[in-house]
Amino acid sequence: MVSSSPGAARSGLFYFSQGWKLVTLPGIRRFVILPLLVNIVLMGGAFWWLFTRLDSWIPSLMSHIPGWLQWLSYLLWPIIVISILLVFGYFFSTIANWIAAPFNGLLAEQLEARLTGATPPDVGVLGVLKDVPRIMKREWQKLAWYLPRAAILLILYFIPGIGQTVAPVLWFLFSAWMLAIQYCDYPFDNHKVPFKEMRVSLRSRKVINMQFGALTSLFTLVPVLNLVVMPVAVCGATAMWVDCYREKHAVWR
């Protein structure tokens, strides 16, 4: 499924597409069930609620467009809708990842073992439970890195002109990078690689990770597909870890 030679990286599109194949592997499917259920319940309910509110939110946001940009209203309307979907999708995917983090880590661990033939630590259910505080601490680290940057971008949305043109593009790029961090972090964390070191490693292959994160971000906007994107992204990121980062960072082999 993935490259047999360490460091032989491919595109982010390749790894994202591999995720769709890897979730169906015999012996892996059972580790997909819990993350999938969490995502279906949370993302399904959240987007159903959002679509019942868009009719009132869009006119309110359009009213903030300055007069000199009114002639672009027909272009700005879809940009505003996409912006809402991006912010909303990322917010609830973050919550879903928090809840499913222990299960996503287990999925990444078992898939890595399957792809490499390595033997993961035999921790069992009790070991997974003991790891929950460490996993939650890692999620807090990601959140602490994310919030200040997200706050700055959200402020841009309230600046006339910039908020309707530049801010959505910046938010999409930021979301793509953050989702790459979110999903690649599971295999990194399984090997106890510090959060800062993990970010440095991802920056060394920034184009691949931005491609992967951008596709993940886009799929969170697509009804039905956004319900299954979480385990797919975990599997794709794990395949990327095996090809690009495992040789340098792996603790167990």
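Predicted model only: the values in this text are computed from it and were never measured.

What follows covers the overall build of the chain. Secondary structure summary: the chain contains nine helices and zero strands in total. When the helices and strands of the chain are placed in sequence order, the string is α-α-α-α-α-α-α-α-α. A burial count over the chain gives 52% of its 253 residues as buried. For the chain, the proportion of contacts with a sequence separation of at least 24, taken over those separated by at least 6, is 79%.

Here we come to the UniProt feature "transmembrane region" (unreviewed entry) in the chain. As annotated in UniProt, the feature "transmembrane region" (unreviewed entry) corresponds to residues 31–51, 71–92, 143–163 and 209–242 in the numbering used here. As annotated, residues 143–163 comprises 76% helix and 0% strand, and the C-alpha atoms at either end are separated by 24 Å.

Let us now look at unusual backbone geometry. Negative phi characterises most residues that are not glycine, and trans characterises most peptide bonds. In this structure, lysine 192 takes a positive phi of about 60° despite not being glycine. By the secondary structure assignment, lysine 192 is in the loop between helix H5 (162–190) and helix H6 (195–203).

What follows covers the packing of aromatic side chains. The tally for this structure, following the rule as stated, stands at 12 aromatic pairs. Centroid distance phenylalanine 16 to tryptophan 20: 6.2 Å. Interplanar angle 80°. Geometry classified as edge-to-face. With phenylalanine 16 and tryptophan 20 both in helix H1 (residues 12–22) and four residues apart, the pair spans about one turn of that helix. By relative accessible area, phenylalanine 16 is classed as buried at 3%. Exposure remark for tryptophan 20: the relative accessible area of 27% places this residue in the partly exposed category. Chaining the aromatic ring pairs together yields one cluster made of Phe16, Trp20, Phe212 and Phe219. Above the plane of the ring of tryptophan 252 lies arginine 246, whose end atom (NZ or CZ) is 5.5 Å from the centre.

Counted by the stated rule, this structure contains one cavity of 30 Å³ or more. Approximately 50 Å³ is the volume attributed to the largest cavity. As for the largest cavity, its lining consists of Tyr90, Thr94, Trp98, Glu139, Lys142, Leu143, Tyr146, Met178 and Gln182. Where the lining of the largest cavity is concerned, the elements lending two or more residues are helix H3 (73–116), helix H4 (124–156) and H5. Broken down by element, the residue count for the lining of the largest cavity peaks at four residues, all from H4. Its residues assigned to classes, the lining of the largest cavity comprises five nonpolar, two polar and two charged.

Time to look at a nonpolar patch on the surface. Among the surface-exposed residues, Ile159, Ile162, Val166, Val169, Leu170 and Leu173 lie close enough to one another that they form a single nonpolar patch of about 440 Å² accessible area. By the element assignment, leucine 170 lies in helix H5.

What follows concerns the pattern of salt bridges. This structure, assessed with the given rule, holds six salt bridges. A salt bridge links aspartate 185 to arginine 138; the nearest nitrogen and oxygen atoms lie 2.6 Å apart. Residue aspartate 185 is located in helix H5, and its partner arginine 138 is located in helix H4; the two are separated by 47 residues in the primary sequence. Judged by its relative accessible area of 1%, aspartate 185 is buried. Linking lysine 142 and glutamate 139 is a salt bridge whose minimum nitrogen-to-oxygen distance equals 2.8 Å. One end of the pair is lysine 142 and the other is glutamate 139, both in helix H4 and three residues apart, which spans about a single turn. Both residues of the pair, lysine 142 and glutamate 139, count as buried.

Reading guide: rules and limits
Residues numbered from 1 in each chain as written. Predicted model: local features only at pLDDT ≥ 70, side-chain atom pairs only at ≥ 80, totals over all residues. Heavy atoms only, no water. Helix = DSSP H or I, 4+ residues; strand = E, 2+ residues; numbered from the N terminus. Buried < 20%, exposed > 50% of the residue type's maximum accessible area, 1.4 Å probe, protein only. Contact = heavy atoms within 4.5 Å. UniProt positions renumbered as here; feature names shortened; annotations may be inferred. Phe/Tyr/Trp six-rings, centres within 6.5 Å; stacked < 30°, edge-to-face > 60°. Lys NZ or Arg CZ within 6 Å of the ring centre and 35° of its normal. 1 Å grid on protein atoms, 1.4 Å probe; cavity = no way out; pocket = protein on both sides within 12 Å on 5 of 7 lines; lining within 4 Å. Points joined across faces, edges and corners; volume = space filled by probe spheres on them. Nonpolar A, V, L, I, M, F, W, Y, C, P; charged D, E, K, R; others polar. Patch = residues over 30% accessible without salt bridge, like charges linked within 9 Å, V, L, I, M, F, W, Y side chains within 5 Å. Areas by Shrake-Rupley, 256 points an atom, 1.4 Å probe, with all protein chains shown as cover. Salt bridge = Lys/Arg side-chain N within 4 Å of Asp/Glu carboxyl O.

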